[in-house]
Amino acid sequence: MDGRFKIANREALIGVALALFNFGWWFFFAYGLGDASPEDYSYVFGFPAWFFYSCIVGFLVMVALVIIVVRWWFVEVPFDEEESL
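Residues numbered from 1 in each chain as written. Predicted model: local features only at pLDDT ≥ 70, side-chain atom pairs only at ≥ 80, totals over all residues. Heavy atoms only, no water.

### Examining the overall build of the chain
Part 1 of the reasoning: On a plain count of helices and strands, the chain comes out with two helices and two strands.
Part 2 of the reasoning: Listed by position from the N terminus, the elements making up the chain come as α-β-β-α.
Part 3 of the reasoning: Radius of gyration (C-alpha) of the chain: 19 Å, far over the 12 Å computed for a compact globule of 85 residues.
Part 4 of the reasoning: Taking the principal axes of the C-alpha coordinates as reference, the chain spans close to 65 × 20 × 15 Å.
Part 5 of the reasoning: Across the 85 residues that make up the chain, the buried fraction comes to 21%.
Part 6 of the reasoning: Within the chain, residue pairs in contact and separated by at least 24 positions form 67% of the contacts whose partners lie at least 6 positions apart.
Part 7 of the reasoning: About 6600 Å² of surface is accessible on the chain, with carbon and sulfur atoms providing 69% of the total.
Part 8 of the reasoning: Looking at the chain, you have 4 positive and 10 negative side-chain charges, and the mean spots of the two groups are 10 Å apart. (Helix = DSSP H or I, 4+ residues; strand = E, 2+ residues; numbered from the N terminus. Rg over C-alpha atoms; globule rule 2.2 N^0.38 Å. Buried < 20%, exposed > 50% of the residue type's maximum accessible area, 1.4 Å probe, protein only. Contact = heavy atoms within 4.5 Å. Areas by Shrake-Rupley, 256 points an atom, 1.4 Å probe, with all protein chains shown as cover. Lys, Arg positive; Asp, Glu negative; His and termini not counted. Charge placed at Lys NZ, Arg CZ, Asp CG, Glu CD.)

In structure tokens:
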């Protein structure tokens, strides 16, 4: 198998893992903290805590994770056929 496909498969799996982590993060905070009655919500910067942690903090965490993954784990792959890894 061409080495480029191995790299592409590994990076695709990393992307899927990041997407699953993002969904897990969102689900945990949205349904974990947002399960109470709206009268019982706690607020952070004017937002309900479930929304702040699931959507705002979750977005910032995912941006940081994607930057880290792209910078240190992803590699540049040549598309020329004569070059092989």
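### Section: helix H1 (residues 3-33)
Part 1 of the reasoning: For H1, with 31 residues, the first-to-last C-alpha span of 45 Å sits near the 45 Å given by 1.5 Å per residue.
Part 2 of the reasoning: Residues of H1 that are buried sit in contact with helix H2 (49-72). (Expected span 1.5 Å × (residues − 1).)

### Points about the pattern of salt bridges
Part 1 of the reasoning: Under the defined criterion, the tally for this structure stands at one salt bridge.
Part 2 of the reasoning: Arg4 is paired through a salt bridge with Asp2; the nearest N and O atoms lie 2.6 Å apart.
Part 3 of the reasoning: Given a relative accessible area of 24%, Asp2 falls into the partly exposed group. (Salt bridge = Lys/Arg side-chain N within 4 Å of Asp/Glu carboxyl O.)

### Topic: a nonpolar patch on the surface
Part 1 of the reasoning: Taken together, the side chains of Phe23, Trp26, Phe27 and Tyr31 make up a nonpolar region of the molecular surface, amounting to roughly 440 Å² of accessible area.
Part 2 of the reasoning: Its location among the elements puts Phe27 in helix H1. (Patch = residues over 30% accessible without salt bridge, like charges linked within 9 Å, V, L, I, M, F, W, Y side chains within 5 Å.)

### Here's the deal with the packing of H1 against H2
Part 1 of the reasoning: With their axes 8 Å apart at the nearest point, H1 and H2 run at an angle of 165° to one another. Between H1 and H2, the angle is such that the two are roughly antiparallel. By crossing handedness, the relation of H1 to H2 is classed as right-handed. Facing H1, whose interface residues are Ile14, Leu18, Phe21, Asn22, Trp25, Trp26, Phe29, Ala30 and Leu33, H2 presents Ala49, Trp50, Tyr53, Ser54, Cys55, Val57, Gly58, Val61, Met62, Leu65, Val66 and Val69.
Part 2 of the reasoning: Residues of the contact of H1 with H2, tallied by class, amount to 18 nonpolar, three polar and no charged. (Axes fitted to C-alpha atoms, helices over the stretch in contact; angles between N-to-C directions. Parallel < 35°, antiparallel > 145°, perpendicular 65-115°, else oblique. Left-handed = near helix turned anticlockwise from the far one by under 90°. Nonpolar A, V, L, I, M, F, W, Y, C, P; charged D, E, K, R; others polar.)

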